[in-house]
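Residue-level listing of the chains:
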Amino acid sequence: MTEIDLHGYTYNDAKHYLENELILEYNNNNFPILIVTGNSTKMKSIVYDVGKELNFTVTTPLDSNIGALVVK
């Protein structure tokens with residue numbers, strides 16, 4: 001599974017980076033994507049918001065990793 005790690009990004013930078021990367025990976029048929037957010041509630045919220053804006057589904061990983069989300 002393709003992985004995007006948001007560690008080290010500011011919230012604003014993470015949002016813009018994620019928007020671009022999700023579109024790129026979707027166009028390259030690299031879905032689903034594991035988004036590493038760490039334990040930040042705000043970062044997870046950004047992933048959910050961007051996913052919703054782009055009409056993707058955001059879920060928790062099957063292994064219940066609390067520091068990541070999956071975008072489908």
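What you see is a predicted model, and the numbers here were worked out from it, not measured in a lab.

Caption draft 1: Quick look at helix 2 (residues 41-53). End to end, helix 2 covers 18 Å across 13 residues, agreeing with the expected 18 Å (1.5 Å per residue, within 8%). For helix 2, the set of buried residues is Met43, Lys44, Ile46, Val47, Val50 and Gly51. End-on, the buried residues of helix 2 take up no more than an arc of 155 degrees, which puts them together on one face. Set apart from the buried face of helix 2 by more than 90 degrees, the exposed residues are Thr41 and Lys52. The elements touched by buried residues of helix 2 are helix 1 (11-27), strand 2 (33-36), strand 3 (58-59) and strand 4 (68-71).

Caption draft 2: Quick peek at the pairing of strand 2. Covered by surrounding structure in strand 2 are Ile33 and Ile35 together with Leu34 and Val36, the residues of both alternating faces. After leaving strand 1 (residues 2-5), the chain enters helix 1 and then returns to the sheet as strand 2, a path that is right-handed. Pairing of strand 2 with strand 4 involves four bridges; the strand directions are antiparallel. Of the residues in strand 4, the one forming a bridge with Val36 is Ala68.

Caption draft 3: Geometry of the sheet that holds strand 1. Strand order in this open sheet of four strands is 1-2-4-3, and the pairing throughout is mixed. With partners counted over all chains shown, the strands left at the sheet margins are strand 1 and strand 3, one partner each. Pairing of strand 3 with strand 4, which is carried by two bridges, proceeds in the antiparallel orientation. For Thr59, the partnering residue across the bridge sits in strand 4 and is Val70. Running at roughly 170 degrees to strand 1, helix 1 makes contact with strand 1, strand 2 and strand 4 of the sheet.

Calculation rules
Residues numbered from 1 in each chain as written. Predicted model: local features only at pLDDT ≥ 70, side-chain atom pairs only at ≥ 80, totals over all residues. Heavy atoms only, no water. Helix = DSSP H or I, 4+ residues; strand = E, 2+ residues; numbered from the N terminus. Expected span 1.5 Å × (residues − 1). Buried < 20%, exposed > 50% of the residue type's maximum accessible area, 1.4 Å probe, protein only. Arc of directions from axis to C-beta. Contact = heavy atoms within 4.5 Å. Right-handed = clockwise from strand over helix to strand, strands pointing away. Pairing = 2+ DSSP bridges. Axes fitted to C-alpha atoms, helices over the stretch in contact; angles between N-to-C directions.

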